[in-house]
Amino acid sequence: LLAEAKRQLHEEADYDREADELQRFGAWLEGDARYAVPGFVPEFSGPRVLAMDYLKGQPIEALEDADQATRDRVMRDLLELTLRELFELGHMQSDPNFANYRVDLESGRILLLDFGAAREIAPETVEGYSAMLGGLMARDRAAMAAASLQLGVYAEDTADIHREAILDLILKGLDGMDADGWFDFGADKLRRELAESGMSLAEDQAFLHIPPMDTLYVQRKLAGMFLLAAKLRARVNLKALFKAFL
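On a predicted model such as this, the values are computed, not experimentally measured, just so you know.

Participant: I would appreciate a short explanation of the nonpolar core in the present structure.
Facilitator: Soluble, globular proteins show a tendency: their nonpolar side chains are buried together. Membership of the largest hydrophobic core comes to 51 residues, with the highest contact counts inside it found for Ile-60, Met-75, Leu-78, Leu-79, Leu-112, Val-236 and Leu-238. With 7 residues, the single largest contributor to this core is helix α3 (residues 68-89). Filtering out sequence-adjacent residues up to four positions away, Met-75 remains in contact with Met-225, Leu-228, Ala-229, Leu-232, Ala-234 and Val-236.

Below you can see the structure in the form of structure tokens.
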């Protein structure tokens with residue numbers, strides 16, 4: 001983990017690489033009025049300097065005081081973008097730092113910044129998450145168990161008690177989804193239960209397993225989106241969103 005962190009920090013300080021990622025995402029999202037990516041300014045850029053267009057906007061946290069419909073729309077668009085990165089592009093901006101997202105309050109556009117942590121996601125990881133999503137929506141515990149093994153969430157020799165605890169934790173999130181598929185990220189009770197269950201597993205010294213880095217990068221992004229949605233107290237129809245990618 002430390003070796004990977006060191007490698008990533010070097011990557012994030014390589015502005016030639018980030019310029020390529022900036023242009024990749026800009027070209028991919030061109031024409032989608034919901035998102036804006038700064039344009040690259042090559043004449044002022046190099047390995048140690050990255051120059052971009054200026055885009056007017058406010059910190060994403062400014063939406064905390066917006067109406068419910070606006071908060072819901074922006075968060076749904078960010079969650080859809082995350083799923084598109086994974087399943088459509090196979091390339092993900094893996095750093096969900098809130099500062100990497102801004103919003104133009106006049107147009108409603110989401111401004112996307114900082115592509116230093118963007119990276120390709122291996123096809124087998126994408127396949128694993130696709131299988132996990134299908135199993136999750138069907139509440140098929142056996143399919144989820146197979147997908148968890150494929151993603152390296154646990155290993156072949158992981159004790160059954162820990163495997164079951166992980167599957168319970170994943171399924172617990174569905175408890176917050178109503179019959180129509182709406183999920184209230186602002187529900188404190190569910191967030192506390194998820195945090196307590198996760199910490200209980202993390203503190204169990206008998207369960208020591210590090211998933212592959214690809215899986216960890218995707219999990220970091222998903223966790224960051226969950227935290228942002230909770231901060232904005234958003235309500236999103238996850239069932240409808242997930243079905244679009246099954």
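Participant: I tried to follow unusual backbone geometry on my own but got confused; where do I start?
Facilitator: If a residue is not glycine, its phi is most likely negative; likewise, a peptide bond is most likely trans. With a phi close to 55°, Arg-139 is a non-glycine residue in the positive phi region. In this structure, Arg-233 takes a positive phi of about 55° despite not being glycine. Tracing the sequence through the fold places Arg-233 in the loop between α8 (213-232) and β8 (235-237). Since its relative accessible area comes to 36%, Arg-233 is described here as partly exposed.

Participant: What am I meant to see in helix α5 (residues 141-151) here?
Facilitator: Because an α-helix completes one turn every 3.6 residues, residues spaced three or four positions apart along the sequence face the same direction. Residues of α5 that are buried include every one of Met-144, Ala-147, Ser-148 and Leu-151, and no others. All buried residues of α5 fall inside an arc of 105° around its axis, so they share one side. Structurally, the start of α5 carries an N-cap: the backbone nitrogen of Ala-142 is 3.2 Å from a side-chain oxygen of Asp-140. Gly-152 occupies a position one or two residues after α5 and carries a positive phi of about 75°.

Participant: Please explain the packing of helix α4 (residues 123-138) against α5 as it appears in this structure.
Facilitator: A packed helix pair is summarised by two numbers, namely the angle formed by the two axes and the spacing between the axes. In contact at an axis separation of 8 Å, α4 and α5 are set at 160° when each is read in the N-to-C sense. Comparing the axis directions of α4 and α5 gives the class roughly antiparallel. In this structure, the crossing between α4 and α5 has a hand that is left-handed. Facing Glu-124, Thr-125, Glu-127, Gly-128, Tyr-129, Ala-131, Met-132, Gly-135 and Leu-136 of α4, the residues of α5 in contact are Ala-143, Met-144, Ala-147, Ser-148, Gln-150 and Leu-151. Tallied by class, residues from the contact of α4 with α5 come to 8 nonpolar, 5 polar and 2 charged.

Participant: Explain the packing of aromatic side chains here, please?
Facilitator: Here the distance between the centres and the angle between the planes together describe a pair of aromatic rings. By the definition in use, this model includes 5 aromatic pairs. Measuring from ring centre to ring centre gives 5.6 Å for Phe-185 and Phe-226, while their planes differ by 70°; the resulting arrangement is edge-to-face. With Phe-185 in the loop between β7 (182-184) and α7 (188-202) and Phe-226 in helix α8, this pair connects stretches of sequence that are 41 residues apart. Classification of Phe-185 by relative accessible area gives buried; the value is 4%. The structure contains a cluster of three or more aromatic residues connected by ring pairs, namely Phe-25, Trp-28 and Phe-115. Between Arg-119 and the ring centre of Tyr-217, over which it is positioned, the NZ or CZ distance is 4.0 Å.

Participant: Help me understand the sheet that holds strand β2 (residues 58-59) in this model?
Facilitator: Paired through backbone hydrogen bonds, the strands of a sheet run either parallel or antiparallel to each other. With mixed pairing, 4 strands are arranged side by side in an open sheet as β1-β5-β4-β2. Each edge of the sheet is formed by a strand with only one pairing partner; in this case those strands are β1 (35-36) and β2. Pairing of β2 with strand β4 (residues 101-103), which is carried by 2 bridges, proceeds in the antiparallel orientation. Looking at β4, one finds that Pro-59 is bridged to Arg-102.

Thresholds, definitions, all that
- Residues numbered from 1 in each chain as written.
- Predicted model: local features only at pLDDT ≥ 70, side-chain atom pairs only at ≥ 80, totals over all residues.
- Heavy atoms only, no water.
- Core = buried A, V, L, I, M, F, W, Y, C linked by side-chain atoms within 4.5 Å.
- Buried < 20%, exposed > 50% of the residue type's maximum accessible area, 1.4 Å probe, protein only.
- Helix = DSSP H or I, 4+ residues; strand = E, 2+ residues; numbered from the N terminus.
- Contact = heavy atoms within 4.5 Å.
- Arc of directions from axis to C-beta.
- Polar contact = N/O pair within 3.5 Å; in protein donor to acceptor, adjacent residues only side chain to side chain.
- Axes fitted to C-alpha atoms, helices over the stretch in contact; angles between N-to-C directions.
- Parallel < 35°, antiparallel > 145°, perpendicular 65-115°, else oblique.
- Left-handed = near helix turned anticlockwise from the far one by under 90°.
- Nonpolar A, V, L, I, M, F, W, Y, C, P; charged D, E, K, R; others polar.
- Phe/Tyr/Trp six-rings, centres within 6.5 Å; stacked < 30°, edge-to-face > 60°.
- Lys NZ or Arg CZ within 6 Å of the ring centre and 35° of its normal.
- Pairing = 2+ DSSP bridges.

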